[in-house]
Amino acid sequence: MVSGNLFNCKKNSWPPEEYISRNTLQLLDFDSAAPPEQAWRRRLNSHANILKEFTVTFREAIKLVRLGIRLWSYVREEASHGRKAPIDPFTRESCKPSASLGVPLGGMGSGSISRGFRGEFRQWQIIPGLREASPVMANQFSIFISRDGGTKKYASVLAPGQHEGIGKAGDKGISSWGWNLSGQHSTYHALFPRAWTIYDGEPDPELKVSCRQISPFIPHNYRDSSLPTAVFVYTLVNTGRERAKVSLVFSWANSIGGISHLSGDHVNEPFIGEDGVSGVLLHHKTAKGNPPVTFAVAACETQNVSVTVLPCFGLSEGSCVTAKDMWGAMVQDGKFDQENFKSGPSMPSSPGEAHCAAVSASACVEPHGMCTIAFALAWSSPKVKFCKGSSYNRRYTKFYGTSERAAQNLVHDALTNYKRWEEEIEKWQNPILKSARLPEWYKFTLFNELYFLVAGGTVWIDSLKPAADMENGHLTNIGTIDVDGNGTEVCCSASAEHATTGDCNAYYNGEVNEREPVHANFSSIDSTTLPERGNLNHSTWPSALLDQKHDGDDVGRFLYLEGVEYIMWCTYDVHFYASFALLELFPRIELSIQRDFAKAVLSEDGRKVKFLAEGNTGIRKVRGAIPHDLGTHDPWNEMNAYNIHDTSRWKDLNPKFVLQVYRDFAATGDMSFGVDVWPAVRAAMEYMEQFDRDNDGLIENDGFPDQTYDTWTVHGVSAYCGGLWLAALQAAAAMAIQVGDRYFAELCKSKLLKAKSAFETKLWNGSYFNYDSGVSSNSKSIQADQLAGQWYTASSGLPSLFDDSKIKSSLRKVYDFNVMKIKGGRMGAVNGMHPNGRVDETCMQSREIWTGVTYGVAAAMIQAGLEDEGFATAEGIFLAGWSEEGYGYWFQTPEAWTVDGHYRSLLYMRPLAIWGMQWALSLPKAILDAPMINIMDRIQTSPSARFSHAETGGIRKIATKAKCLGNSVFNCAC
């Protein structure tokens, strides 16, 4: 039973009436100015505590000393080349992380800026893989109020004055501004992608102010969701007897975070645009040859609102116009000089000199009247350039072009379209927010965890440039395709010494046309295209098939980081958990990522890499193995930036690929996707057969951490990897049937029967599955994630891997031990727990609580009919991470925390797995409505048959059979 000391899961955890007076809520109850019933809330005067990072124990340090020495050497070597190592635990940021974050700004993949709940703009990630955490304190909204008669005047920055970054009170910079807001009567309300800040009588007791922050994160909208822009809508309600003249000022530094505002050559320029949209462009010249950035700060002039600008002011005494002068002008006049619009571009800033700009919007609010003022911010950096030279156009340039001045058009469109954005956002969110079935904390946490798809370091490009145009790509339209089984190559010439891939878009014409690429089609390929024996050591699959583009499916390419501390793109073992969010909200992006990995399966990169944990050397990418990631400094071209272990020996990556592909295939009903990626699925399965060393159908772990838990050693058969393998066998069989590869389906069936029996014999102990089949001290540990394979099986509409009684028994064991024995369930699920009720302290990761894994375990519980236990398990993450009594990890959910709440790796990908819970609660119609077939009938192959002896039919033959199935998706019953 669920413990009574947790929140009642149906309670409205934070009703707005506890933060805002009912009268104010009623006054703001129009035009979405009032915050929603369900939201994450804070008072602006709340303390932002410094977050505490984990430490390793002495015993763990001894085990990790060799790795630490090699890693230190590698970090220094990368730094000598001007690069940041993907994992660098030695370098500390000058800005200590604190519990200060809020909803980030903008859409996906065009650089991001976060905004703290107290109003500061911070966590700058305009350049891929680089993050400036410190706030730029000159970036503020300020308010100036004067009432008829002139006896009442108010002027204040709309943020509390206790921030770091504010200098001495007597200087000419921002310390001279009026930091008069206490924040006691002001509150922040977050429901991603929107946020509300309510100033309930601050600084003017007779003026209610609502600021609504809106970003274009709109599911299934692949245009607007790529735009680097945000809108701030201020609603003013005058409760006094005198008319109030109100001016709002949006000030902005020409900076991309850190000290970049002092680097020089920055130019500010006022503009007057269409439909009353006016403001300032801030042209920023970046350092180290990175592409330039242009900001646009604007407001919308209406019949009641007038807009003026101060195109340039400085932060030091030597500036022609200082921050103090700007503030004085607003206090005295309530506006800037209208002639400033004619000033033209400023002189470029000198090194050490800051250029800032301000936009003022003024209106008169009658007694008991209301007024709306809208500002917008955009940042245009059309090219994304990676450290090793490859450059691409960002996704939004498909609609706005590559001019840096696109920022002006972006703010215009944001100010004219934000109401439509809000309508689409509310249409998406309301069914969940209004559901009586769901706990209140879950509703807003579900949406707020999506912050990572903006702030987690995402890159969304229009398309991959032709390799010939890449500045120094290592993989440039290279690779071989064996079309006759005798080594005859159709394409392409290899320009890299050691690498092979099948990115051969135009191998029929022998050329690549950037505007009209020629793609392989099934009618041109006969059965000789595939190797007859399925032996990947001698042939390369025709991965040109994976470049198939279908009408309306061109969504570009998408990357997101494992985390801001682990700088690797699309880390696949973690994407396994996070991908539910993309599949639910942006399925075409999810399919695009899977196509990238499918192509990667079929490629090889023979450059030598030193693996830091063991000190051995191997090749960067092995054909047939799923890469750990798509790279760091040259994604898509140089994969596997992770070099702690040789991930070609990991046991979870290939099964995770098969499971994700089948889930996506089943959920979308996209037969073209299924046929395109099938060669990679089959290759991934065949590759894993080498790890079944006793021919029992099961793969075995190799006595090192060969899985996503990369410090937790595994021996023999393991619950985690073995369960994933069982699930992959069933998924591969089901998919083989649907794409017409019957023979391979039969092989998977026979293996599954053998492997399932061996798995239960070796690991089932009567109440749960042991951690592994070895004889180490933790072999009988209770692993929270032991049913990851079953979780995916149920998520794909396939039959359960085990009897329901075993599934429920295992999950109840995890709930009773891993969840409830850790502070009464208020922390989430610890990864490992001994059957005597003590935390498994074998290694750092066994004693950690992983936020994303906890959400995944909760999803598995919901699927098994243990809904109360599932929500209670996940609520521990909310209580520890998001609640006021927790540790302060809102909008920066870490990979893990210890039982004492100390974090490891903030802003991490895996917590997006909360969308796996939503998936479990509402399976897609394509899966629910799929007809049932039985994959376990008519097994025709010998149980001893091996993948490597399988006959492989031609792609055309498989495709022809698949076409007769249309777009239907089948459930496959045992």
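Residues numbered from 1 in each chain as written. Predicted model: local features only at pLDDT ≥ 70, side-chain atom pairs only at ≥ 80, totals over all residues. Heavy atoms only, no water.

Glancing now at the packing of helix α11 (residues 671–688) against helix α12 (residues 719–739). Two elements in contact, α11 and α12, have axes whose closest approach is 10 Å; the angle formed by their N-to-C orientations is 140°. By the criterion of interaxial angle, the relationship of α11 to α12 is oblique. Our pair here, α11 against α12, has a crossing hand that is left-handed. Where α11 approaches α12, its residues Met-671, Gly-674, Val-675, Val-677, Trp-678, Val-681, Met-685 and Met-688 are matched on the opposing element by Trp-725, Ala-728, Leu-729, Ala-732, Met-735, Ala-736, Gln-738 and Val-739. A per-class count over the contact of α11 with α12 returns 14 nonpolar, 2 polar and no charged. (Axes fitted to C-alpha atoms, helices over the stretch in contact; angles between N-to-C directions. Helix = DSSP H or I, 4+ residues; strand = E, 2+ residues; numbered from the N terminus. Parallel < 35°, antiparallel > 145°, perpendicular 65-115°, else oblique. Left-handed = near helix turned anticlockwise from the far one by under 90°. Contact = heavy atoms within 4.5 Å. Nonpolar A, V, L, I, M, F, W, Y, C, P; charged D, E, K, R; others polar.)

A word on the sheet that holds strand β10 (residues 244–253). Taken in spatial order, the 5 strands of this open sheet run β5-β4-β10-β15-β14, and their pairing is antiparallel. Lying at the two open borders of the sheet, with one neighbouring strand each, are β5 (153–157) and β14 (306–313). Ignoring strand direction, the axes of neighbouring strands in this sheet form an average angle of 15°. Across 10 bridges, β10 lies against strand β15 (residues 356–365) in antiparallel orientation. Each residue of the ladder has a partner; that of Val-246, found in β15, is Ala-363. The strands touched by helix α3 (residues 323–333) are β4 (140–147), β5, β10, β14 and β15; relative to β5, the strand with the most contacts, the crossing angle is about 150°. (Pairing = 2+ DSSP bridges.)

The next point concerns the sheet that holds strand β16 (residues 370–380). Strand order in the open sheet made by the 9 strands is β1-β6-β7-β8-β9-β16-β13-β12-β11, with antiparallel pairing throughout. The sheet terminates laterally at β1 (40–43) and β11 (267–272), the two strands that pair on one side only. On average, each strand axis in the sheet is inclined to that of its neighbour by 15°, with strand direction left out of account. Across 9 bridges, strand β9 (residues 229–238) lies against β16 in antiparallel orientation. Considered in β16, the bridge of Thr-235 is made with Thr-372. Along the sheet, helix α5 (residues 406–433) contacts β6 (186–191), β7 (194–200), β8 (207–214), β9, β11, β12 (277–284), β13 (293–300) and β16; its crossing angle with β16, the most-contacted strand, is approximately 110°. Where helix α6 (residues 440–448) meets the sheet, it contacts β1 and β6, and its direction lies at approximately 75° from that of β6.

As a packed pair, helix α16 (residues 851–863) and helix α17 (residues 867–881) sit with axes 7 Å apart at the nearest point and diverge in direction by 170°. By the angle between their directions, the pair α16 and α17 is classed as roughly antiparallel. Here Thr-851, Thr-854, Tyr-855, Ala-858, Met-861 and Ile-862 of α16 come into contact with α17, specifically with Glu-867, Glu-869, Gly-870, Phe-871, Thr-873, Ala-874 and Ile-877. Tallied by class, residues from the contact of α16 with α17 come to 7 nonpolar, 4 polar and 2 charged.

Moving on, we come to the pairing of strand β23 (residues 617–621). Pairing geometry for strand β22 (residues 604–610) and β23, over 4 bridges, is antiparallel. Note on β23: the bridge partner recorded for Val-609 is Gly-618. The antiparallel hairpin formed by β22 and β23 contains 6 residues in its connecting segment, where Gly-615 sits at a positive phi of about 80°.

Let us now look at the environment of Ala-354. The topology assignment puts Ala-354 in the loop between α3 and β15. Since its relative accessible area comes to 7%, Ala-354 is described here as buried. Between the C-alpha atoms of Ala-354 and Ser-263, which are 91 residues apart in sequence, the distance is 8.4 Å. Excluding anything up to four places from it in sequence, Ala-354 contacts His-261, Leu-262, Phe-313, Gly-314 and Leu-315. (Buried < 20%, exposed > 50% of the residue type's maximum accessible area, 1.4 Å probe, protein only.)

Glancing now at the packing of aromatic side chains. Evaluation of the coordinates by the stated rule reveals 70 aromatic pairs. Judged by centre distance (6.1 Å) and plane angle (70°), the ring pair of Tyr-889 and Tyr-903 falls under edge-to-face. With a gap of 14 residues between them, Tyr-889 in the loop between α17 and β29 (896–897) and Tyr-903 in strand β30 (residues 903–904) connect regions that are remote in the sequence. Each member of the pair Tyr-889 and Tyr-903 is classed as buried. Against the face of Tyr-222 rests Arg-588, its NZ or CZ located 4.4 Å from the ring centre. When the ring centre of Phe-691 is taken as reference, the NZ or CZ atom of Lys-651 above it lies at 4.5 Å. (Phe/Tyr/Trp six-rings, centres within 6.5 Å; stacked < 30°, edge-to-face > 60°. Lys NZ or Arg CZ within 6 Å of the ring centre and 35° of its normal.)

All right, on to α6 then. Of all 9 residues in α6, 9 are buried, a share of seventy percent or more. All buried positions along α6 are accounted for by Glu-440, Trp-441, Tyr-442, Lys-443, Phe-444, Thr-445, Leu-446, Phe-447 and Asn-448. Those residues of α6 that are buried are in contact with β1, β6, α5, α16, α17 and α18 (914–921).

So, on to the pairing of strand β3 (residues 121–125). With 5 of 5 residues buried, β3 is to be regarded as a mostly interior element. Counting the residues that bridge the hairpin from strand β2 (residues 112–115) to β3 gives 5 residues, and of these Gly-119 lies at a positive phi of roughly 115°.

According to the stated counting rule, one finds 50 salt bridges in the structure shown. Put simply, Asp-200 and Lys-208 hold a salt bridge, and the shortest N to O gap is 2.8 Å. Relative accessible area serves as the criterion here: at 11%, Lys-208 is assigned to the buried category. Each of Arg-147, Lys-152, Asp-204, Glu-206 and Glu-242 takes part in a single network of salt bridges with overlapping partners. (Salt bridge = Lys/Arg side-chain N within 4 Å of Asp/Glu carboxyl O.)

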